[in-house]
Amino acid sequence: MPFTAKSGKFNASINTVEIGTGDKAIKIGGENVLPLYSFDAPIENAPKVGIEITDFGMENEPDCIKKYYEGCDTLADIAKKAASFEGVDFLCFRMEGGDPNGANKTVEELIGALKEIAAVVDLPLAVAGCKNAEKDAQLLSKAAEALDGKNAMFLSAKEENYKTVGAAAGLAYKQIVGAESSVDINLAKQLNVLMTQLGVNPKSVVMNVGTATAGYGFEYVVSTMDRIKAAALSQNDTNLQMPIVTPVASETWSVKESVSSEADVPEWGCQETRGIDMEVETAIADIASGSNAVILKHPTSIATISNLMKELV
Amino acid sequence: MALKGLDIFKLSPKKNCKECGCPTCMAFSMKVAQGSMDISACPHFAPEALAKLSAATEPPMKTIKVGAGDAEMTLGGETVLFRHEKTFVSKTRYASSLCNCMDDAAIEARLADIPKVDYERIGERMFVEMVYVNYTPEGNGDYVELVKKAAATGRVLILGCKDVEVAKAALEVCKDGKPVLNGADASNYEAMNAVATAAGVVLGVSGANLSEIHDTVEKLEGLGNKNLVIDVTGENVKDTFANAVQLRKAALKDGDRTCGYPSIVNTAKIARGDSHKQAALLSLFTMKYGSIVVAENITYAEALPLYGLRQNLFTDPQKPMKVEPGIYPLNGADENSICLTTVDFALTYFLVSGELERSGVPVNLIINDAGGLSVLTSWAAGKFSASTIAKFFEEHQIEEKVKSRKLIIPGKVAVLKGEIEAKLPNWEVIIAPNEAVQLVKFMKDFE
Amino acid sequence: MTLFDVVFSGNDAVYGLTEGAINDAIAKYGEDKAIAFPDTAYSLPCYYGVTGTKVATLGELKNALGVVKTLMTREKRLNDAFMSGIATALCAEFIEVLKYMDGAVPYEAPCYGHLGDAVIRELGVPLVTGDIPGVAVILGSAPTAQEGVDLVKSYQAQGILVTLVGGIIDQCEELGYKTGANVRVIPLGKDVTSVIHVVSVAVRAALIFGNIKPGDAAGLMKYTMERVPAFVNAFAPLNDVIVACGAGAIALGFPVITNEETFRVPKSLIVQKDVSKFNATSLEARDIKIKITHIDIPVAFASAFEGEIIRRGDMQVEFDGSRVDCCELVHAKDASEIEDHKIELIGPDVDEMPVGSKQSIAYVVEVAGKNMQADFEPVFERKFHSYLNCIEGIMHTGQRDMIRIRISKDAYAAGFRAKHIGEVLYAKVKSEFAAVVDKCQVKIYTDPAECTRIRHEVAMPMFDKRDERLMTLTDEGVDVYYSCIMCQAFSPSHVCVVTPERLGLCGAVSWLDAKATHQLDPEGPCQVITKEKVIDERIGEYEDVNDAVRKFSQGALEDVSLYSIIEKPMTSCGCFECICGIEPLSNGVCIANREYAGMTPIGMTFPELASMTGGGVQTPGFMGHGKHFIASKKFMKAEGGVARIVWMPKDLKEQVADRLNATAKELYGIDNFVDMIGDETIAEDPETLLAFLEEKGHPALTMEPMM
């Protein structure tokens, strides 16, 4: 007896969100099947891969990243270079230095840096904050103004600052707003509802439902995304149909498996290979759980995931 | 639809004879429903009741055992597609590859690599549990010799061999280790079945597509062999992923028992020569339904994320992972370094120890026995309180082991400060921030 | 003269002026002459917002005036007055745009006149987020310059954006008061028509932030009404034109507060003779709540101090409810009875108390709010323990009239006094319960006689009333239940249905708690579940409850009953205080609580039972529940109620004995029912238990078979 597969196509679908403008604009979401299940129905928009750079430029990067940016003197150079790697769909600028408990760079300085980058890159842009909710409110609302008309993505509005970030990015400048919650389907949903009540168009919202490195509580990420996609598709829960964007590099490149040098742990072998595999394995696991876009750092990781997406979808 | 405990109980003998090992028939019935005991453990079930139940309690996916002795492991037996629904029961197993097409130097190098990855992570031994030994007629090497060498690693073998005679010869030298013979397809299944059953090993079935595989499995079942695994590796990544998912879905969701066997995914075939792509596929098929996933060579780079991911995925969603309670000196801490205490929930431990390491400040991290719950949950459940901390300090003789009398406690349980100071009068209790990410600054400022 | 006459006459006057001005301009420049406000993409924002038509030339402006004329109907109905108000505002906009002809700069410092789009985006974000809690439009001259400046200052201190029109601008200048967009005090202009520039801000906010389509006048007015928290303070004397403009403001939802004795329209045109009360009256009228970000006390306030213990030797003074009369109380009152942020001390302060002495204290937090309900009083009250403990140097234990508070010597030395308790309670209640509390004042009694009076005559009767309400609160007596999904983080498909007689299985969420949680956080874990469509009264199954459970479990659960353990029992998350399960031999149920470590006659321990029952899966024959539920009349009602309980750990039995005995007496007329229930000292296996039950004549033995 031959095998007959029952279709897993749903009547509901994930929202399609376009990021950027012009030829290089990308679309994420739109599928009416579980992540990567293109055998159930065609998936129009394969998951996308972004590259992350920060306001520190190459200052804090490991050598295995730095070597790809040799000869880049300014942030603009770095951004141009980053955008040129194979498989990069969008560029994410993380304003890490804004953290009041860290370098505490001023809003003006960081927005200045952002403008420099925006001037030389024609890929769709994402802007990430410094993880301090209060500072991010200022940073992201100024960034929304600075990128007026670019249809950029802002990562992210959290429960503590969604009003400011949502109003500035989503309402005043009609950009794409990321809604960030911490690995809990109900928190994710609640934030989307609040964002909608604020007046932000749900079709301009993407979610970051929490992120982790493989091995570091990743089961919560998996179950949260599994449940969100199930609710969005099988229950047609419109408050959870936003595509998911997951920053990966900022998580994976801080664990000891990625950052310990070969001298410190000789049996683990080459640091670069470890860093790439940690990034790649985490990214694909995110995508398999439901991320519609991932943000990575190492050019090889990006090429690997990007090519794999072309093969899979 | 799984049977409820109460339904089983209604058919039970209700004698509370305890012969099954449970104190009552109710307890037994609940355990059968939960899947933790087999109905055959009860000698008194009426035959008609048994007949009625065994069909209903037969799992949708078979549990297959491979390997012998200490190396024995269980594949399959899954009941759900998503881990939040229940628990995944049999973790994915990984194999590095050998082939009779490799030259001797490559073979020796690979054999040397295989045992390298071997470490412990939260109480679990992490190593490459299996070796895939591939046979190709074009290969120059002696397959049986290769199998011998592979068997000497002590890992469970998978013989990737479609030649009946070669397989037979290879099994002669390794069958006691209960390997998998991954060799049956539509063309040779009868002969392969005979070889596998004669050797008493699990037979792997492959085919051009799922229909062909389905057909072959049915025929093998017809021959009385249900000791199978299915090699879902297709022409490319896309087909392989579709096969792996559709097979599992058909078994668990649509009740197609012919699909209810563990799977093998061979990434060495579909991503040959690209180690990062294989790393990605190892991860992808751990997420989606590979029971055994094969790569060319699993080194620490692939393994560190992979085994962590597997450990995360195969935990019981209701039972969080625990780390061993005790003192963990960080950043070269000694007996004079300050102490910081928190719970034994693995996620808490990783977050806290990670941030403490980043701070560079020497500190003795004291992990309490808090039932593997997070700080607030264990506090609410009374498992992380002044008295449990004091008791733990006493039992583990912390005061003898550490000279420092400064104890940092999580900000979320600041409420415990007074009580801890009352119970541990020699200690000065200091309140840490609420979130682990704030620890780096806190520790630096503190220093 | 009626109010209508005044509005119409004011409107006519402005219309006449506008018509004249446009005609003059056309005569001078011709119809094709371009007109525009600078730095805006919204043409004449008010006219564009209301009509959807852009105006670019003098000729078009004249046509627009024709459209405005159609609004000026003269029936004496409310709508006509509103529309005439709008017409007046639009005329003002026309007059103002003429000032900008040929790139003229009609306004000079300190006045701003028209505000560009960039300013709107800048101000719009904090307006939407509530960081700017309101917009004050102050018009005319205050009785004295000082009063005017004081009013401006009071709004500024609250973060409210202040716009100034007319004489008040001069008054600020006169006293050297700093104005400007950077300090959020914006002088618009000295003509009354310049008020349109703030209306223009409101209209553009609606277009930009509210996604209102130009021309959707109804949507526009709804948005300004609901989302733009503006109000007008118009100083006497008022003329017809100002009143007509005021009608326009009211049409947009902005109340007008004036000190002139004039017509009164409830909630819209309010007379407040005392200018110093303009602020409070305005905030109340526009329903503006000021966020509290700072607690005014001389010591620190943080959760880090929650666990601080103050020993006898370190304490300055102690209030001890076990020795003298003390109590703490939340009391919901009418808004008119409360002056916000009033902290009153009745009796001696800490200074006058001997060091180390025991004293009386009673503090009553009086609150008012449109959404406040007496049911929330105990919910707030239970938080006092945590609030007061967060104060550095203060220790609080107990609740109701059994409280004890210690103030440390250090806190006293730092200046901590009795009123600071009030400051903390005020700030926390106002900020954490902002959804329901509009106004709050605190009375602190330290006079022993007053404390005795408050405790016995005020507090105790209220506590009794609340207890009685809890006792009489039945599932049948309420219209809705609540869901609780706080546990879904680890038990994904579990949904608690919380009813008055069946609290959440964790024991921590009663129906009143769930209700309050819902009010305070409408999108949060507790949602309303109606119970209108009964499917089966006996087991407590409702169509609407099933719908809710299906929705909140993301489809994992199809149907639940509220009162049965066998048929569609409610699921359990994992945090249950107790589990009860069927013990077939005795035809009843055994209950084990979390603290009980031993074996139960079911043959399973609590952890074993928990692993079978938890995880949000329906397990007929077993369910998790709170301790309190054991004595409920709804406990296993479908199977015969509490008479089915055959075994409980001794500790648990003691905890619930009184209430359970009372329930059994009421339901079955059985005295001392608890004595018939076995425990671990009697039996840990079913056979011994059965013998005991037979000896006692336990009612379960003669009840219908459970299965």
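Residues numbered from 1 in each chain as written. Chains lettered and ligands numbered in written order. Predicted model: local features only at pLDDT ≥ 70, side-chain atom pairs only at ≥ 80, totals over all residues. Heavy atoms only, no water.

K.L.:
Residue-level account of the overall build of chain B, with values.
P.N.:
Along chain B, the regular secondary structure elements total 18 helices and 17 strands. Taken over the C-alpha atoms alone, chain B extends approximately 75 × 65 × 35 Å along its principal axes. A total of 447 residues make up chain B; the buried ones form 57% of that total. Accessible area for chain B stands at about 17500 Å²; split by element, carbon and sulfur atoms hold 50% of it. If you average the places of the 50 positive and of the 56 negative side-chain charges in chain B, the two averages end up 6 Å apart. (Helix = DSSP H or I, 4+ residues; strand = E, 2+ residues; numbered from the N terminus. Buried < 20%, exposed > 50% of the residue type's maximum accessible area, 1.4 Å probe, protein only. Areas by Shrake-Rupley, 256 points an atom, 1.4 Å probe, with all protein chains shown as cover. Lys, Arg positive; Asp, Glu negative; His and termini not counted. Charge placed at Lys NZ, Arg CZ, Asp CG, Glu CD.)

K.L.:
How would you summarise the confidence of the model for chain B if you had to cite specific residues and measurements?
P.N.:
Across chain B, pLDDT averages 91, with 98% of residues at or above 70. Under the prediction, the complex receives an ipTM of 0.97, its pTM being 0.84. (pLDDT = per-residue confidence, 0-100.)

K.L.:
Any details on the side chain of C:Arg466? Residues and values, ideally.
P.N.:
All names here are of chain C. Tracing the chain through its elements places Arg466 in helix α16 (residues 448-472). Arg466 gets classed as buried once you look at its relative accessible area, which sits at 11%. Once residues within four sequence positions are removed from consideration, Arg466 is found in contact with Leu329, Val330, Glu377, Pro378, Glu381 and Arg400. (Contact = heavy atoms within 4.5 Å.)

K.L.:
Tell me about the interface of chain C and chain A, residues and numbers included.
P.N.:
When the parts come together, some accessible area is lost, and that loss is often what is quoted as the size of the interface. If you look at the interface, chain C gives 20 residues, while chain A gives 21 residues. Interface area for chain C against chain A, summed over the two sides, is near 1800 Å², with a carbon-plus-sulfur share of 48%. For the chain C face of the interface with chain A, the top three residues by lost area are C:Arg121, C:Glu523 and C:Gln554, together amounting to 31%. Taken together, chain C and chain A are joined by one salt bridge. Between C:Glu122 and A:Lys142 there is a salt bridge whose closest N-O contact spans 3.6 Å. (Buried area = accessible area lost by both parts, 1.4 Å probe. Salt bridge = Lys/Arg side-chain N within 4 Å of Asp/Glu carboxyl O.)

K.L.:
Describe the environment of A:Lys6, listing the residues and the values that go with them.
P.N.:
Here A:Lys6 shows up in the segment before β1 (16-19). Beyond its immediate stretch of four places on either side in the chain, A:Lys6 contacts A:Asp40, B:Lys249 and B:Asp254.

K.L.:
Hey, could you go over the interface of chain B and chain A for me, with residue numbers and the actual values?
P.N.:
Contacts between chain B and chain A engage 48 residues on the former and 46 residues on the latter. Of the roughly 4300 Å² buried between chain B and chain A, counting both surfaces, carbon and sulfur atoms make up 65%. Where chain B meets chain A, there are two salt bridges. Close ionic contact of B:Lys249 with A:Asp40 constitutes a salt bridge, the shortest N to O distance being 3.1 Å. One can count 14 residue pairs in polar contact (both at pLDDT 80 or more) joining chain B with chain A. (Polar contact = N/O pair within 3.5 Å; in protein donor to acceptor, adjacent residues only side chain to side chain.)

K.L.:
Any chance you could break down the sheet that holds strand β16 (residues 406-409) of chain B for me, citing the residues and the numbers?
P.N.:
Residue and element names in this part refer to chain B. In space, the five strands of this open sheet follow the order β13-β15-β14-β16-β17, with mixed pairing throughout. What marks the edges here is a single partner per strand, and that holds for β13 (326-330) and β17 (428-431). Strand-to-strand twist in this sheet, taken as the mean axis angle between neighbours without regard to direction, amounts to 30°. Across four bridges, the pairing between β16 and β17 is parallel. Note on β17: the bridge partner recorded for Ile409 is Ile431. Of the strands in this sheet, β13, β14 (339-342) and β15 (363-367) are in contact with helix α13 (residues 346-359), which crosses β15 at around 175°. (Pairing = 2+ DSSP bridges. Axes fitted to C-alpha atoms, helices over the stretch in contact; angles between N-to-C directions.)

K.L.:
Run through the side chain of C:Lys428, naming residues and quoting values.
P.N.:
Residue and element names in this part refer to chain C. The residue Lys428 is located in helix α15 (residues 418-432) in this model. Residue Lys428 is classed as buried on the basis of its relative accessible area, which comes to 16%. Ignoring sequence-local partners within four residues, the contact set of Lys428 consists of Ile295, Phe301, Tyr387 and Phe433.

K.L.:
Hey, could you go over the domain arrangement of chain B for me, with residue numbers and the actual values?
P.N.:
Structurally, chain B comprises domain 1 (5-55), domain 2 (63-313) and domain 3 (326-446). Distance from the C-alpha centre of domain 1 of chain B to the C-alpha centre of domain 2 of chain B: 35 Å. (Domains from an automatic or database assignment.)

K.L.:
I'd like a rundown of the pairing of strand β4 (residues 230-234) of chain C, residues and numbers included.
P.N.:
Residues and elements named next belong to chain C. Within β4, five of the five residues are buried, which leaves the element mostly enclosed by the surrounding structure. Taking every second residue as pointing to the same face, both faces of β4 are buried, with Ala230, Val232 and Ala234 on one and Phe231 and Asn233 on the other. By the bridge criterion, five bridges tie strand β1 (residues 135-139) to β4 in an arrangement that is parallel. Residue Ala136 lies in a different strand from β4, and its bridge partner there is Phe231. Where β4 lies against strand β5 (residues 256-258), three bridges are found, and the strand directions are parallel. Looking at β5, one finds that Asn233 is bridged to Ile257.

K.L.:
Talk me through helix α1 (residues 3-29) of chain C; I want residue IDs and the actual numbers.
P.N.:
All names here are of chain C. Between its first and last C-alpha atoms α1 spans 39 Å; for 27 residues at 1.5 Å apiece the expected length is 39 Å, and the two agree. Those residues of α1 that are buried lie in contact with α3 (58-71), α4 (78-99) and α10 (240-251). Count one or two residues on from α1 and you reach Gly30, which has phi positive near 90°. (Expected span 1.5 Å × (residues − 1).)

K.L.:
Tell me about the packing of aromatic side chains, and name the residues and values.
P.N.:
All names here are of chain B. Evaluated as defined, the whole model comprises 34 aromatic pairs over all chains. Ring centres 6.4 Å apart and planes at 85° place the aromatic pair Tyr119 and Tyr307 in the edge-to-face group. Here Tyr119, found in strand β4 (residues 118-121), pairs with Tyr307, found in helix α12 (residues 300-313); they are 188 residues apart in sequence, far enough to count as distant. You can call Tyr119 buried: its relative accessible area is 17%. (Phe/Tyr/Trp six-rings, centres within 6.5 Å; stacked < 30°, edge-to-face > 60°.)

K.L.:
Summarise the sheet that holds strand β12 (residues 394-399) of chain C; cite the residues concerned and give the values.
P.N.:
Residue and element names in this part refer to chain C. Across the sheet, which stays open at both edges, the four strands sit in the order β10-β7-β13-β12 with mixed pairing between neighbours. At either end of the open sheet lies a strand with only one pairing partner, and these are β10 (357-359) and β12. Across the sheet, the mean angle separating the axes of adjacent strands is 15° when strand polarity is ignored. For strand β7 (residues 315-320) and strand β13 (residues 402-408), the ladder comprises five bridges, and the chain directions are antiparallel. Along β13, the bridge assignment pairs Glu318 with Arg406.

K.L.:
A description of helix α5 (residues 143-151) of chain B should follow, citing residues and the corresponding values.
P.N.:
Residues and elements named next belong to chain B. Of the residues making up α5, those classed as buried are Tyr143, Leu146, Val147 and Ala150. Looking straight down α5, one finds its buried side chains confined to an arc of 100°; they lie on one side. Summarising the contacts, the buried residues of α5 are in contact with β3 (93-99), α4 (104-113), β6 (130-134), β7 (156-160) and α6 (164-174). Capping the start of α5, Asp142 holds a side-chain oxygen 3.0 Å from the backbone nitrogen of Val144, two or three residues further along. (Arc of directions from axis to C-beta.)

K.L.:
Please set out a negative patch on the surface residue by residue, giving values where relevant.
P.N.:
Residue and element names in this part refer to chain B. Taken together, the side chains of Glu120, Glu324, Asp369, Glu394 and Glu395 present a region of like negative charge at the surface. Following the sequence through the fold, Asp369 ends up in the loop between β15 and α14 (375-380). The exposure class of Asp369 is partly exposed, given its relative accessible area of 44%. (Patch = residues over 30% accessible without salt bridge, like charges linked within 9 Å, V, L, I, M, F, W, Y side chains within 5 Å.)

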